[in-house]
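A look at the structure
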Amino acid sequence: MPSTEPVPLDTRVCWIHGSPSPRHLTDPPLQVHHLAPGTVLIRQSKDVTFEAPFILLLLGERRALLLDTGAVDGAALRASVDGLVEDWLATRTGPGAYDLGSYELVVAHTHAHGDHVAGDAAFADRPATTVVGHDVAAVRAFFGIADWPGQFVSFELGRRTLDILGIPGHHATSIAVHDPTTGLLHTGDTVYPGRIYVDDPPALLATLDRLVAFAHDRGVRHVLGCHVEMTTTPGRDHPLGARYQPDEPSPFMTVAQLAAVRDAFVTVGGRPGIHRFDDVVFCVGKGPRVLVPLQARALLERARWQLGLRRAMRTTETGLPHDDRA
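What comes next concerns the included structure. (Residues numbered from 1 in each chain as written. Predicted model: local features only at pLDDT ≥ 70, side-chain atom pairs only at ≥ 80, totals over all residues. Heavy atoms only, no water.)

1. As for the sheet that holds strand β5 (residues 104-108)
We apply this condition: The pairing criterion for strands is at least two bridges between them, as found by DSSP. Working definition: helices are DSSP H or I runs of at least four residues, strands are E runs of at least two. Numbering for both runs from the N terminus. Here, axes are lines fitted to C-alpha atoms. For helices the fit covers the stretch in contact, and angles between N-to-C directions go from 0 to 180 degrees. Residues count as neighbours in contact if any of their non-hydrogen atoms are within 4.5 Å of one another.
Read from one edge to the other, the open sheet built from six strands follows the order β1-β2-β3-β4-β5-β6, with strand pairing classed as mixed. Bordering the open sheet on either side are β1 (30-36) and β6 (129-131), each of which pairs with just one other strand. Sheet twist, expressed as the mean angle between neighbouring strand axes with direction ignored, is 15°. Packed onto the sheet, helix α1 (residues 75-90) meets β1, β2 (39-44), β3 (54-59), β4 (63-67) and β5 and runs at close to 30° relative to β1.

2. Regarding the pattern of salt bridges
Rule in force here: By salt bridge we mean one thing: a side-chain nitrogen of Lys or Arg within 4 Å of a carboxyl oxygen of Asp or Glu. Think of it in three bands: with a 1.4 Å probe and only protein chains considered, a residue is buried below 20% of the maximum accessible area for its type, exposed above 50%, and partly exposed in between.
The tally for this structure, following the rule as stated, stands at 15 salt bridges. Across the pair arginine 43 and glutamate 248 runs a salt bridge, and its minimum N-O distance is 3.0 Å. Remark: glutamate 248 occurs in the loop between β12 (222-225) and β13 (252-253) and arginine 43 occurs in strand β2; sequence separation between them is 205 residues. Across the pair, exposure class does not vary: arginine 43 and glutamate 248 are buried alike. A salt bridge links arginine 63 to glutamate 104; its shortest N-O distance comes to 3.7 Å. Of this pair, arginine 63 sits in strand β4 while glutamate 104 sits in strand β5; the two residues are 41 residues apart in sequence, bridging distant segments of the chain. The class of arginine 63 is buried, set by a relative accessible area of 12%.

3. Things to note about unusual backbone geometry
For the bond from tryptophan 148 to proline 149, the omega torsion is 0°, close enough to zero to count as cis. Residues other than glycine seldom take positive phi values, yet aspartate 68 does so here, at roughly 85°.

4. Regarding the side chain of aspartate 120
Stated precisely, the cut-off is as follows: For this count, His and the chain ends are skipped, Lys and Arg are scored as positive, and Asp and Glu as negative. The term polar contact refers here to a pair of N or O atoms within 3.5 Å; inside protein, the definition further demands a hydrogen-donor-capable atom paired with an acceptor-capable atom, and it admits residues adjacent in sequence only when both atoms are side-chain atoms.
With respect to the secondary-structure elements, aspartate 120 resides in the loop between α2 (114-117) and β6. Within the buried core, aspartate 120 has no salt-bridge partner, and the shortest N-O distance to an opposite charge, that of arginine 78, equals 12 Å. Separated by 2.6 Å, the side chains of aspartate 120 and threonine 69 make a polar contact. Residues in contact with aspartate 120, not counting those within four places in the same chain, are Thr69, Val107, His109, Val131 and His134.

5. Thoughts on the sheet that holds strand β8 (residues 161-166)
One open sheet accounts for six strands, arranged β7-β8-β9-β10-β12-β13; its pairing is mixed. Each edge of the open sheet is held by one strand with a lone partner, namely β7 (152-156) and β13. Two elements, strand β10 (residues 184-188) and β12, share four bridges in a ladder whose sense is parallel. Within β12, the position partnered with glycine 188 by the bridge is glycine 225. Together, β7, β8 and β9 (175-179) form the strand contacts of helix α3 (residues 136-143), whose direction differs from that of β7 by roughly 60°.

6. A few points about the nonpolar core
Our working rule: Only buried Ala, Val, Leu, Ile, Met, Phe, Trp, Tyr and Cys residues count toward a nonpolar core, and they belong to the same one when joined by side-chain atoms within 4.5 Å.
The biggest cluster of nonpolar side chains holds 28 residues, and the ones touching the most others in it are Leu41, Leu65, Phe143, Phe155, Ile164, Ile175 and Val177. Looking at which element gives the most residues to this core, the answer is β3, with three residues. Every residue in contact with phenylalanine 143, bar those within four places of it in the chain, is listed here: Ala108, Val153, Phe155, Ile164 and Ile175. Counting 27 residues, the second largest nonpolar core, distinct from the first, contains Ile167, Phe214, Leu258 and Ala259.

Structural measurements only, silent on function.
What follows is the structure in structure tokens.
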């Protein structure tokens, strides 16, 4: 358990969630929100990419960690991160203070899928910056993880020590990052309110067991992933490729929800197909049982959005979701 109480996070925020019609795009490319001092969460807009990933920036006294570079060209993200680092450094004064050219930035990834690494090139020429490679060997070597994935290691930012864990199952390179300063556990695409695509079912089950045990042991307060794809109706997700999601739940989950996700996956037993639960939808395998229904819903959703049909899910008196169209 942490020796001191974590710094509270400001998680009550209305995130950009796309526009109802491609003819009237309203979102900025990025939304930047300060969860706490030195803890910044950035979301790419659904007006730019349907993936709309969340990107986390953690700042310490000596260096910062950027987790992921998003799903599109990283120029806007680079400019935003530079400004955030500059603002942070402006508050650090006295002997040993860093400037923008000497303060290190580490660009790492929750995993190597394209919607998390697409902006890497924008950081390649940035001074004092390391962009971690995309394969397991590169991740292990950079963080010094000898026993993958069973070992978790410390990563020092300067008066802010993080824990790094290997969490394969969704992807071989997946990592989680725990920040004891805030009680935040970032799980990438392994746990979040949405569709959990399972690449390796036995590995994911082992990962979920370890994450639940770690979260209880270390007093985790918040579980954060990289996307939101569920609606506010339990068990109901937005279609794949949705560009407008006005009824999203918070991207932050509790440790109780993390444990419930683990328990739910135990009941699935790694069976191929789509398995719906209150907070997540497991998509196990890449066969027609998964791809056909996902792609069919995606095609319908894209047609509706292009026609400007505003889609808002809500629950009727019968408890069944239905569409409101304007």
